[in-house]
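Architecture at a glance
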Amino acid sequence: MTSTEDFTPVTDWATDFDHADPQYNRNAHAIWAELRGTCPVAHSERYGGTWLPTTHEYVREIAYDTENFTSRAVIVEKMIPPDPAPIGGAPPITSDPPFHIEARKLLLPPFAPKKIELWEPEVRKLCRTLLDSMMDDVASGKSIDAAADYAKRIPVNVISRMLGFPMSDEDLFLEFVHDVLEGIDDAPEIRFVKIERLIQYIVTQIEEHVENPRDDLTSYLMDVELFGSKLSVEHIGGSIILLLIAGIDTTWSAIGSSLWHLAHNPDDLARLVADPSLIPTAVEEFLRAYAPVTMARLVAKDHDFHGCPMKVDDWVLLPFPAANLDPKVFPDADKVLIDRAENRHSAFGLGIHRCLGSNLARLELTIAIEEFINRFPSFTLAGTEDDVVWSVGQIRGPRELPVKVLAQ
Amino acid sequence: MAVSGIVIFMKIHVDAEKCQGHNRCYALAPELFDVDDYGNAVVIGDGSVAPELEDRARLALANCPEFAITISE
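Keep in mind the model is a prediction, meaning the values are calculated, not measured.

So, about the overall build of chain B. Tallying secondary structure elements over chain B gives two helices and seven strands in all. Taken from the N to the C terminus, the helices and strands of chain B come in the order β-β-β-α-β-β-β-α-β. Relative to the 2.2 N^0.38 estimate, which gives 11 Å for 73 residues, the radius of gyration of chain B is 12 Å and therefore close to what a compact globule would have. When each of the 73 residues of chain B is scored for burial, the buried share is 37%. Taking all contacts inside chain B whose residues are at least 6 apart in sequence as the whole, residues at least 24 apart take part in 63%.

Set out below in structure tokens:
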């Protein structure tokens, strides 16, 4: 399932883990629970040396520690990208203080709650259109793919509209997302070619916006000033890469995992159908239990982390989903309770890099669930668990989710 | 609560250094919290909580991932 030939399967998760092993995301909850009890900071020689903390305490500590850990690269891969701190290749997610907050402030306003709320009618219309296109298959008794034909299509459509990119390129964006986030096991020269293709595409889009500036995020980034000057093309391009890559796979995964849960739990589904006012609370629980995003850091200074000898340029994975399942912080952490009222989960990260798009992600996720269960009040997994295809790498969610709609 | 005829309200406070704009408080208790142009939380008014909203205030506190909300009673 990985995209490379030189991948060898994992034999021991505590000493040789690889999040690109297809078994990792499929069995993530069990792997994290095992490690949390036996080896709370796992280590692997893969990717030049990688650490994996699995407790809430350790994940939180690293997320807040911008001295010992740098964000200049946030996707674990075989070769550390050359972009130096404090800016990194995709600001502000790859930026460190003090530069970070200045770059982040440019992007916070367009993603603030009151700006994102305005997208609600558009997102709802999109969901309904996607559901409409499934009706023929449902009517003829065929299964539908709730991940590939629904969850995936929502964020890619919204972010391409926000950036002002051609809608006809949606499938290309999905290829870019796959290359960047799932192609982590690629040999560096292959990865370089793939990333270069993405960069060239962005450059073309920026050039097109020079000719035809308009009311979208690309023109916005080309227009704003930082420290009294327009942004460099590298900064604009890096931020666009961030918005394009980070906004798609993550939300798609959250919607897919939530629908995967409902396909398995008819009581929860029936309860939400009967009482849609519970959906926002349930969405937070889905975000806790199936948080899609594991971030990463590079060790910035040699230091001892709770007995682990961390060396400069070691990778550190930050599995917020594992932190969310820590029984020390969440009562009944391993149970999905859709009416969990107190839910201090960290699905969108902790500290200064809180997901910039969290308001948009929540909007898309909530509406996607509302519309799906309104149209299909009863559905179940078509086939077996083996028919569900999970992603590989740091973003966890179903890539194929065949479900069968049941008659009422 | 009434003390010698003076009503003392519960008060909420947001630590601007800790708030990272998760927006949970604004979603759960929009009567008590607002957000600024950057999406960071601010308390409405002087942070006084009417008695019927005290549960909402506690709920917002319990859902803040950054532990940025405090309550004084």
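Picking up after the structure, the text goes on.
All names here are of chain B. Spatially, β6-β3-β7 is the arrangement adopted by the three strands of the open sheet, whose pairing is antiparallel. Edge positions in the sheet fall to β6 (48-49) and β7 (69-72), since each has one partner strand and no second. Sheet analysis places strand β3 (residues 10-14) next to β7, joined by four bridges and oriented antiparallel. Bridging across to β7, Val14 finds its partner in Ile69. Packing against the sheet, helix α2 (residues 54-62) makes contact with β3, β6 and β7, and its axis sits at approximately 145° to β7.

Our focus in this paragraph is the interface of chain A and chain B. Accessible area lost upon the coming together of the parts is a frequently used measure of interface size. With 19 residues of chain A at the interface, the matching set in chain B holds 15 residues. Looking at the side of chain A that touches chain B, its residues break down into nine nonpolar, six polar and four charged.

Residue and element names in this part refer to chain A. Given a rise of 1.5 Å per residue, 24 residues ought to cover 34 Å, and the 35 Å separating the end C-alpha atoms of helix α12 (residues 188-211) matches this to within 8%. Those residues of α12 that fall on the buried side of the exposure criterion are Arg191, Leu198, Ile202 and His209. In this fold, the buried residues of α12 make contact with α11 (170-182), α13 (217-223) and α14 (233-264).

Another point: the pairing of strand β2 (residues 50-53) of chain A. All names here are of chain A. Pairing of strand β1 (residues 41-44) with β2, which is carried by four bridges, proceeds in the antiparallel orientation. Residue pairing in the sheet places Ser44 in a bridge with Thr50 of β2. Hairpin connection between β1 and β2: a loop of five residues separates the two successive antiparallel strands, and Tyr47 in this loop has a positive phi of roughly 60°.

It is worth spelling out the packing of helix α16 (residues 279-289) of chain A against helix α18 (residues 358-375) of chain A at this point. Residue and element names in this part refer to chain A. Relative to each other, α16 and α18 sit at 115°, their axes nearing to 10 Å. For the element pair α16 and α18, the recorded crossing hand is right-handed. Taking contact as the criterion, the partners of Ile279, Pro280 and Val283 in α16 are, on α18, Arg362, Leu365, Thr366, Ile369 and Glu370. Residues that form the contact of α16 with α18 fall into these classes: five nonpolar, one polar and two charged.

About the criteria used
- Residues numbered from 1 in each chain as written.
- Chains lettered and ligands numbered in written order.
- Predicted model: local features only at pLDDT ≥ 70, side-chain atom pairs only at ≥ 80, totals over all residues.
- Helix = DSSP H or I, 4+ residues; strand = E, 2+ residues; numbered from the N terminus.
- Rg over C-alpha atoms; globule rule 2.2 N^0.38 Å.
- Buried ≥ 20, exposed ≤ 12 C-beta atoms within 10 Å, placed from the backbone.
- Contact = placed C-beta atoms within 7 Å.
- Pairing = 2+ DSSP bridges.
- Axes fitted to C-alpha atoms, helices over the stretch in contact; angles between N-to-C directions.
- Nonpolar A, V, L, I, M, F, W, Y, C, P; charged D, E, K, R; others polar.
- Expected span 1.5 Å × (residues − 1).
- Left-handed = near helix turned anticlockwise from the far one by under 90°.

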